[in-house]
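# Coordinate inspection notes
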There are 2 protein chains.
Amino acid sequence: MCELLGMNANTPTDVCFSFTGLATRADEHKDGFGIAFFEDRGLRLFVDHHGARVSPVAQLVKGYPIRSDNVIAHIRKATQGRVALENTHPFVRELWGRYWVFAHNGDLKGFVPRLHGAFRPVGDTDSEQAFCWLMQELAKAHAGVPSIDELTVTLRELMPELHTHGTFNMLLSNGQALWAHASTKLQWLQRCHPFRRATLADEDVSVDFAAHTQPTDRVIVVATEPLTEGEDWTPMDPGEMRVFVDGARAG
Amino acid sequence: MCELLGMNANTPTDVCFSFTGLATRADEHKDGFGIAFFEDRGLRLFVDHHGARVSPVAQLVKGYPIRSDNVIAHIRKATQGRVALENTHPFVRELWGRYWVFAHNGDLKGFVPRLHGAFRPVGDTDSEQAFCWLMQELAKAHAGVPSIDELTVTLRELMPELHTHGTFNMLLSNGQALWAHASTKLQWLQRCHPFRRATLADEDVSVDFAAHTQPTDRVIVVATEPLTEGEDWTPMDPGEMRVFVDGARAG
């Protein structure tokens, strides 16, 4: 079982605390990790086929407070596809002059989409196939650059097609919004004023967010399992899709 | 003036030595840096809008011997486009199920290509526009996946169009080959048996390659200026394009 982590904020926020929580779970997820940080339209992507516990790249990410408004991270336990860099999530493509980032947890069985558009998988995972198909169908569905609301409508139409092929917990972002689809396991949380102290569920680390935030700050965190204790995580239902913009639910 | 560095090898090779030489020149190149490493079809891309002398990401790259068969690095001095992550070379797109990496040194004046295909710039540099146009024209010129030789023929037809618009020193790779086009400044070097000691031109660092190589190893290094002393760097002519495969000239 892979682990997903997503973050969407209304002000650039560092994700060191949550990533540390995620990396703690990396013992049984030795098949690589990846994390993508949007900074406005720009993107940093760190991937490594070493596990997040031992990777020098993961050490950098834990120690370097990259401030971002949208983050997607993935810790991999290979189920389909070889352990190789090209099979490491998140995957990135460009569409309409924006980078799109995608990470998936689960297995799609017998999903062999017809990829006739401009997006082809580089590796051999079912996840990258699904991502290429999503990008192709988004591109086909809109002549110009759609609004977030229009994209959400299209994505809601496309998700069931993937959901029927197996387990499809997914995070997707274009730097403006974070879309999350749950098939089996995905939970989300909003942190906003008044901020409190949070303690990582798997490690004896806590942060007093009140000391690091402004009253107007809002942050959404999405994860496979709750990363913290003492906070109100909301589990998503099977087949549910949510979109988050500026650190809040947008649909 | 930006600085380019490319590497093409017949066996995965670390680029720590050459990148250290490049980063030494970063004093006057404070507008960010980027480096892309192919590992077979997979890709790692490290970008930072901090200069390569101070960036924690550059420190990671200097210290973490990532072994790669194709590398493209770029240290930026902004001439067009804001200093922002989305304007940091190298740029990446996917075409025919492979990642393509591009870095450019120079200025293109009045180059406003018609981008009607699947590739759009995310940032606002002339370089990314040129890359999107190259990808579009490559995609149009070939129905299926072309061979390296066929790609080279097409690229030789496309380069003059960019060259006429200004300074176009460029490195391009799809993980199988490294293409280099010179407009003003680009030099290349092959290291092969018998390997010798090389000393960085700008820093008191030397490496005895004989101690780190096998007799069958071959490595091509391409750079804006010679990075080392005591090695035979070959300057490229204006308008010249070369392709390197498996650590050797292929055209």
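Basis of the calculations
- Residues numbered from 1 in each chain as written.
- Chains lettered and ligands numbered in written order.
- Predicted model: local features only at pLDDT ≥ 70, side-chain atom pairs only at ≥ 80, totals over all residues.
- Least-squares fit on C-alpha atoms with pLDDT ≥ 70 in both.
- Contact = placed C-beta atoms within 7 Å.
- Helix = DSSP H or I, 4+ residues; strand = E, 2+ residues; numbered from the N terminus.
- Nonpolar A, V, L, I, M, F, W, Y, C, P; charged D, E, K, R; others polar.
- Pairing = 2+ DSSP bridges.

Further remarks concern the relation of the copies chain A and chain B. For the pair chain A and chain B, the best superposition has an RMSD of 0.0 Å and corresponds to a rotation of 180° with a translation of 0.0 Å parallel to the axis. The superposition of one copy onto the other is thereby described by a two-fold rotation axis.

For the rest of this paragraph, the subject is the interface of chain A and chain B. How big an interface is tends to be stated in terms of the accessible area lost upon association of its parts. With 27 residues of chain A in contact, the opposing surface of chain B contributes 27 residues. Contributing elements (two or more residues each) for the side of chain A that touches chain B: β3 (42–48), α2 (56–63), β5 (91–95) and β6 (98–105) of chain A. Looking at which element gives the most residues to the side of chain A that touches chain B, the answer is β3(A), with five residues. Of the residues contributing to the side of chain A that touches chain B, the split by class is 15 nonpolar, three polar and nine charged.

This part takes up the sheet that holds strand β11 (residues 206–208) of chain A. Residues and elements named next belong to chain A. The antiparallel open sheet is built from three strands, whose spatial order is β11-β10-β13. Single-partner strands in this sheet number two, and they are β11 and β13 (228–229). Summarising the sheet, strand β10 (residues 197–200) and β11 pair through three bridges and their orientation is antiparallel. Among the inter-strand pairings, T199 is bridged to a residue of β11, identified as S206.

Strand order in this open sheet of three strands is β11-β10-β13 (chain B), and the pairing throughout is antiparallel. The open sheet has two free edges, formed respectively by β11 (206–208) and β13 (228–229) of chain B, since each of these has just one partner strand.

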